[in-house]
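Below, each chain spelled out in residue letters.
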Amino acid sequence: MSAAAEILSRLFPDLDIANCDRLIDDGLLDSFSIITLVTELANDHSIKIPATEIIPENFNSLTAIESLIDKLINQS
Amino acid sequence: MQHNLSMANSKKMSIVSSKVPIGFLLAMLYLVISFFGIQQLLVPKYQTKLIEGALPGEYYKEKIRHDVIFLGDCEIYSNISPITLYRQYGISSFLRATSSQTLWQSYYFLEEIFSYETPQIVVLSISAMTEGSAVSEAYNRLNFDNMRWSSSKYRSIKASMTEQETYLSYLLPLLRYHSRWSQLSSEDFSYYFSSPEVSHSGYLMRSDINPLDTLPAVRVLADYEFPDICFEYLDRIKQLCDSHGARLILMKAPSVYPHWHEQWDLQIREYADANNLFYYNFIELNDDIGIDMSTDSYDMGLHLNIYGAEKLSSYIGLILSVQYQLPDCRNDPYISVIYDKKIADYDLMFSEQKREWEADKSLSIDKKD
Amino acid sequence: MNLTSIGFILFVAIVLTIYYVVGKHLQWMVLLLSSVGFIGLSGPFSVIAVSFVSAATYGLTMAIDRINAQDSLSQTQLSTVTDRSVLSARRHTRKNLLLTAIVGINLLIFIAVRLRDPLLLGLHLNNETDSMLYRLTSTLPLGLSFYVFQAIGYAIDVKNKKYPAERNFLKFTLYLVFFPCLTVGPINRFEPLTAALYQPHCFDGLQLQKGLLRLLYGLFKKTIVADRLLIALRVMDSNQELQTGWLFWIYALIYIIVLYCDFSGGIDIIVGVTSMFGIKLEENFLYPFYSKNIAEFWRRWHITLGGWFRDYVYYPLVLSSFMLRFAKRMKKISKILLSSQLHIYLSTLVIWLLIGLWHGISSNYIAWGIINGVLVIFSMYTDSRLKQYGWFRSITKTKLYNYCSIALTFILVTITMLLDRFGSFREYLSALHGGFTGQSIDVLDALSSLGLSLSEYILVAFCLILIIIIGILVRRETLDRWFKKCSPLLRFLIIDVSVMVIVVFGVYGIGFDAAQFIYGQF
């Protein structure tokens, strides 16, 4: 399980994270949860997501989050 | 196949494109009709309440000429009976007077009258010389709502409009009266299409008696000078009369209050002398006229009731018939028929009012006991 | 120009006509000229302020843009990694300086205008006869609160290379001064707005009708409900007796209704007007009273303001290296949930303080900001705390929980928004105290003395029900689909009826109690 998947499943124990692609649209992932996720990724896994990348398209599904992380790793 | 499709499409387009302008025009028509229809419903009818508002419109219903026109405010429309003038002297007259009618409003009414007819005599009540500006928006409404649109009305509104008023609200009264939706009464529906007469050639009849009690204290004023604008319009009224060959007469009705100050009277006398006009201060002639404020007023001396009005009219009629060669309309076949109807209505209203008042009076006496 | 005035409607009608008559490549210029004219009507101070903001922001963002260009060029040109990184760091610093300058200038103007009175007082320039500055700045610049933030957002985006700077100074100015957004906002983002703003637009009858209907809906909310209830509010303001006990709560309820109908009505008018030009604005209100907590409420009320602060201040702040290090240290110190999210709560409080200050620089707005911040933090904390438990998660799925949350949120919002109405926090507290402890006079008696007749209360109630129903229908898009299917004639007739409803029931004109006034005279 990727770091992002692990954190999300901890935040939303009842949710089928892998198959949900409306995390933002359905209001599941609000700014509080996003920041919690990003903070943990930064502090515990050294994955730094800049504020400019916090847009709905990047966080609507687990796949989107993981591709964002991959993109950032490749850039640096 | 494709050819047919494109034909069908272009046909559809032309139907759609012709539907829209027609729809737009119909909708505009509907908007206009609903706007004016609703406006007519919400505009005050002045038939059972505030009947003074109906006065400006009464003139247009007249079918005969008038040899004498009276101009002024409530001191005219409460105090003079044109029916008496006709009955006793054959004089055909009309009262073009409304609530708190100002000098300039009188001027513009007169201007309008001259576009319809040419009276020989114009009698102007000068009590409004003290008012240099329109009294209030409410009175402006009473005085203009039922006046027909003309250049005279346009200028009269301009001269009278207060700060908050907009011209648009006169052109489209719905913008002023729209809030009456919550105060609609049966009057608004029953008089939607028609507005029967409320006056007798401009006279508002009151047959009740409310005698003068105590004379009010006379206040001393700081300044007795009439405003310039009033003199300006007084001049214009005189010029208007001169240019139409009508004689102007000035008068002051015999009201007990508001107190008619000597300093005011002096200014009028001076003006009359300077301009070769007759001025009758009927307050001074009270005894000659025979006015008795214990029976002749309906509001303790402010205005005369029908008894007082007939006495005053009788006196004025005598002056007019003696001094001027006015035709006797009782001999005119057409005019006399019209006046016969007017007299019938007048006498009927008088007997009805008298009956009502006496019934009310006995009711209140019973209550007192 | 008042949004509900005939002048504004005529202005829009004239601009619309010219807009669809001229060549399509000239349409944005029509918008620019009419917007400049609109601002001009507000006085010279408005024109000076916006020219200065526009010129400064444009010039400095162009400089940032040039540095950005150098950045991408250097990626290919320079050889050694160290050379590249040194120069890139230098460019980075320069960009930051420029951005700071832009933000600084804009904020300075914003604050100076907000503090105009105390400033001029301090400089002894508050004498009307002597001080030209006082006279010049007597009317506050129109739209400043909105375009300053649009300018700052744009500059930050350009610095972050989100999009290149706008080269055309006039086009850029249009982004700031677009006239519908000057009175009540919304605060627009550069890309979404200009995507439509600079493009040519064809005349689309259906869109115009929909826009017109939206405009009329806004007028309906404002002139029939908000302006009418405002009469009652003003009467209550002037009489202390009418604000104690039960009446205090009625006052609060009336106020929140007035605030919603006035604000969202104004936005409806604006969105309607812009869609008639073929431009779609971001919604500023999305059924705010369906919110189950305060945090959600601020995602549904004045959305563009919250969104702006979230994207341009909150995220950068809470994800700054300083905050992240703080979070890491806090987590090490204690394991309880609160500490690992302390940086979020602190940032939230800061944001809310700033949002409060955006509304006004006085104690009641600062208190308002802090209170909202605390409420949001509280709801975030309890949510995250309780979400760990399965029983809580199942309760939150029940309808009863939802209804209770909605009701509680509504009450909280009503109480906090009331701060707007008082000059200082202290006054607010004493009024609140009166609401709890005061003895009120008879409520029905009081209601009949607020300047509104029974039929008007019934009208307002009816309108509120209508607004709720329309909200539901719009949410489900039923209304939209049905309107599209109607024939043009029926659509025009609906517009006609709406116009007449506003003309008859709207609150405008002399002495609103026209008949009472006139009849009362005699």
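These numbers come from a predicted model, not from an experiment.

Digging into the overall build of chain A
Broken down by element type, chain A carries four helices and zero strands. In chain A, the succession of α and β elements from N to C terminus is α-α-α-α. Taking 11 Å as the expected radius of gyration for a compact globule of 76 residues, we find that chain A reaches 11 Å, a close match to that expectation. Based on the C-alpha atoms only, the size of chain A along its principal axes is roughly 35 × 20 × 20 Å. Taking all 76 residues of chain A together, 47% fall into the buried category. Within chain A, contacts between residues separated by at least 24 positions form 53% of all contacts whose residues are at least 6 apart in sequence.

Considerations on the pairing of strand β2 (residues 93-97) of chain B
Residue and element names in this part refer to chain B. The buried fraction of β2 is high, at five of five residues. What you see with β2 is no split at all: Ser 93, Leu 95 and Ala 97 on one side and Phe 94 and Arg 96 on the other are buried throughout. Two elements, strand β1 (residues 68-72) and β2, share five bridges in a ladder whose sense is parallel. Each residue of the ladder has a partner; that of Leu 71, found in β2, is Arg 96.

A few points about the packing of helix α17 (residues 342-359) of chain C against helix α18 (residues 363-386) of chain C
Residue and element names in this part refer to chain C. At their nearest, the axes of α17 and α18 sit 7 Å apart, and the two run at 150 degrees to each other. Comparing the axis directions of α17 and α18 gives the class roughly antiparallel. In terms of crossing hand, the pair formed by α17 and α18 is right-handed. Looking at side-chain class alone, the contact of α17 with α18 contains 16 nonpolar, seven polar and no charged residues.

Some points on the packing of aromatic side chains
All names here are of chain B. All chains considered together, the criterion is met by 78 aromatic pairs over all chains. Taken together, a centroid distance of 5.3 Å and an interplanar angle of 70 degrees make the contact between Tyr 59 and Phe 94 edge-to-face. Of the two residues, Tyr 59 is situated in the loop between α2 (55-58) and β1 and Phe 94 in strand β2; the sequence distance between them amounts to 35 residues. What makes Tyr 59 buried here is its relative accessible area of 5%. Take Phe 94: its relative accessible area is 1%, and that puts it in the buried class.

Structural notes on the interface of chain A and chain C
Taken together, the contacts link 18 residues of chain A with 20 residues of chain C. Counting each side, the surface lost to burial between chain A and chain C is near 1,700 Å², with a carbon and sulfur contribution of 65%. At the surface where chain A touches chain C, the tally comes to zero salt bridges. If you look at where chain A meets chain C, you find two residue pairs in polar contact (both at pLDDT 80 or more). For the side of chain A that touches chain C, the class distribution of residues is nine nonpolar, five polar and four charged.

A closer look at the interface of chain C and chain B
At the interface, 29 residues of chain C touch 35 residues of chain B. Counting the surface lost from both chain C and chain B, the interface buries some 2,800 Å², and carbon and sulfur atoms represent 76% of this. Between chain C and chain B we count zero salt bridges in total. Our enumeration of links across chain C and chain B arrives at one residue pair in polar contact (both at pLDDT 80 or more). Secondary-structure elements contributing two or more residues to the side of chain C that touches chain B are α23 (454-475), α25 (488-505) and α26 (514-520) of chain C. Residue contributions to the side of chain C that touches chain B peak at 11 residues, all from α25 of chain C. Residue composition of the side of chain C that touches chain B, grouped by class: 21 nonpolar, five polar and three charged.

Digging into the environment of Met 500 of chain C
Checked against the element boundaries, Met 500 of chain C lands in helix α25. The residues contacting Met 500 of chain C, other than those within four sequence positions of it, are Leu 31, Ser 34, Phe 35, Ile 38 and Leu 174 of chain B.

A closer look at a nonpolar patch on the surface
Together, Trp 149, Tyr 154, Leu 168 and Leu 171 of chain B together with Ile 6 and Leu 10 of chain C make up an exposed nonpolar region whose accessible area comes to about 580 Å². Of all the secondary structure elements, the ones that give two or more residues to the nonpolar patch are α8 (168-171) of chain B together with α1 (6-21) of chain C. Looking at the secondary structure, you find Leu 168 of chain B in helix α8.

What about the confidence of the model for chain A?
Here chain A averages 84 in pLDDT, while 99% of its residues score no lower than 70. When mean pLDDT is compared element by element in chain A, helix α3 (residues 56-59) of chain A scores highest at 88, while helix α1 (residues 3-11) of chain A scores lowest at 82.

Overview of the pattern of salt bridges
Taken as a whole and assessed by the stated rule, the structure comprises 38 salt bridges over all chains. Between Asp 480 of chain C and Lys 210 of chain C there is a salt bridge, with its nearest N and O atoms 3.0 Å apart. Of this pair, Asp 480 of chain C sits in helix α24 (residues 478-485) while Lys 210 of chain C sits in helix α11 (residues 205-238), and the two are 270 residues apart along the sequence. Its relative accessible area of 28% is what places Lys 210 of chain C among the partly exposed residues. The shortest N-O distance in the salt bridge between Lys 221 of chain C and Asp 268 of chain C comes to 2.7 Å. On the criterion of sequence distance, the pair formed by Lys 221 of chain C in helix α11 and Asp 268 of chain C in helix α12 (residues 246-276) is long-range, its members being 47 residues apart. With respect to burial, Lys 221 of chain C and Asp 268 of chain C carry one shared label: buried. Because the salt bridges share partners, they merge into one network encompassing Glu 137, Arg 141, Asp 145 and Arg 176 of chain B.

Brief notes about the arrangement of the chains
The chain pair with the greatest number of contacts, out of two pairs of chains in contact, is formed by chains B and C. At the C-alpha level, the nearest point of chain A lies 38 Å from chain B, with no contact between them.

Some remarks on helix α8 (residues 169-177) of chain C
Residues of α8 of chain C that are buried: Phe 172, Thr 173, Leu 174, Tyr 175, Leu 176 and Val 177 of chain C. By the N-cap criterion, in which a side-chain oxygen at the helix start approaches the backbone nitrogen of a residue two or three places on, α8 of chain C is capped by Asn 168 of chain C, the distance to Leu 170 of chain C being 2.9 Å.

Structural notes on α25 of chain C
When the terminal C-alpha atoms of α25 of chain C are compared, their 26 Å separation across 18 residues agrees well with the 26 Å that a helix rising 1.5 Å per residue should span. Burial in α25 of chain C covers these residues: Pro 488, Arg 491, Phe 492, Ile 495, Asp 496, Met 500, Ile 502, Val 503 and Val 504 of chain C.

Digging into the nonpolar core
Within the largest apolar cluster, 176 residues are counted, with the highest numbers of intra-cluster contacts made by Phe 59 of chain A together with Tyr 147, Phe 179, Phe 277, Trp 301 and Met 417 of chain C. The element best represented in this core is α12 of chain C, accounting for 19 residues. Setting aside residues up to four positions removed in sequence, Met 417 of chain C forms contacts with Tyr 255, Ile 256, Leu 259, Phe 297, Trp 298, Trp 301 and Trp 368 of chain C. Judged by nonpolar contacts, the second largest core, of 51 residues, contains Leu 55, Leu 85, Leu 95 and Val 123 of chain B.

Re unusual backbone geometry
Trans peptide bonds make up the majority, and among non-glycine residues the majority have a negative phi. Tyr 257 of chain B connects to Pro 258 of chain B through a cis peptide bond whose omega is 5 degrees. Residues Gly 185 of chain C and Pro 186 of chain C are joined by a peptide bond in cis, for which omega reads 0 degrees. Tracing the sequence through the fold places Pro 186 of chain C in the loop between α9 (181-184) and α10 (190-197). Located in the positive-phi region is Ser 100 of chain B, a residue other than glycine, with phi close to 50 degrees. In this structure, Ser 100 of chain B sits in the loop between β2 and α5 (103-116).

Observations concerning the packing of α12 of chain C against helix α20 (residues 399-417) of chain C
For any two helices packed against each other, the geometry is given by the interaxial angle and the distance between the axes. All names here are of chain C. Packing of α12 against α20 brings their axes to within 9 Å, and their N-to-C directions diverge by 90 degrees. The orientation of α12 with respect to α20, classified from their angle, is roughly perpendicular. Contacts from Trp 249, Ala 252, Leu 253, Tyr 255, Ile 256 and Leu 259 in α12 reach Phe 410, Val 413, Thr 414, Ile 415 and Met 417 in α20. Among the residues making up the contact of α12 with α20, the classes are represented as 10 nonpolar, one polar and no charged.

Re the pairing of strand β3 (residues 121-125) of chain B
In the case of a regular strand, side chains alternate between the two sheet surfaces. All names here are of chain B. With respect to burial, β3 is a largely interior element, five of its five residues being buried. Both faces of β3 are covered, namely the face carrying Ile 121, Val 123 and Ser 125 and the face carrying Val 122 and Leu 124. The pairing of β3 with strand β4 (residues 247-252) spans five bridges and is classified as parallel. Pairing of Ile 121 across the sheet is with Arg 247, part of β4.

Some remarks on the side chain of Thr 102 of chain B
Residue and element names in this part refer to chain B. Position of Thr 102 among the secondary structure elements: in the loop between β2 and α5. With a relative accessible area of 1%, Thr 102 lands in the buried category. With residues near it in sequence (within four places) discarded, Thr 102 still touches Ala 128, Ser 133 and Ala 134.

Rules of the game
- Residues numbered from 1 in each chain as written.
- Chains lettered and ligands numbered in written order.
- Predicted model: local features only at pLDDT ≥ 70, side-chain atom pairs only at ≥ 80, totals over all residues.
- Heavy atoms only, no water.
- Helix = DSSP H or I, 4+ residues; strand = E, 2+ residues; numbered from the N terminus.
- Rg over C-alpha atoms; globule rule 2.2 N^0.38 Å.
- Buried < 20%, exposed > 50% of the residue type's maximum accessible area, 1.4 Å probe, protein only.
- Contact = heavy atoms within 4.5 Å.
- Pairing = 2+ DSSP bridges.
- Axes fitted to C-alpha atoms, helices over the stretch in contact; angles between N-to-C directions.
- Parallel < 35°, antiparallel > 145°, perpendicular 65-115°, else oblique.
- Left-handed = near helix turned anticlockwise from the far one by under 90°.
- Nonpolar A, V, L, I, M, F, W, Y, C, P; charged D, E, K, R; others polar.
- Phe/Tyr/Trp six-rings, centres within 6.5 Å; stacked < 30°, edge-to-face > 60°.
- Buried area = accessible area lost by both parts, 1.4 Å probe.
- Salt bridge = Lys/Arg side-chain N within 4 Å of Asp/Glu carboxyl O.
- Polar contact = N/O pair within 3.5 Å; in protein donor to acceptor, adjacent residues only side chain to side chain.
- Patch = residues over 30% accessible without salt bridge, like charges linked within 9 Å, V, L, I, M, F, W, Y side chains within 5 Å.
- Areas by Shrake-Rupley, 256 points an atom, 1.4 Å probe, with all protein chains shown as cover.
- pLDDT = per-residue confidence, 0-100.
- Expected span 1.5 Å × (residues − 1).
- Core = buried A, V, L, I, M, F, W, Y, C linked by side-chain atoms within 4.5 Å.

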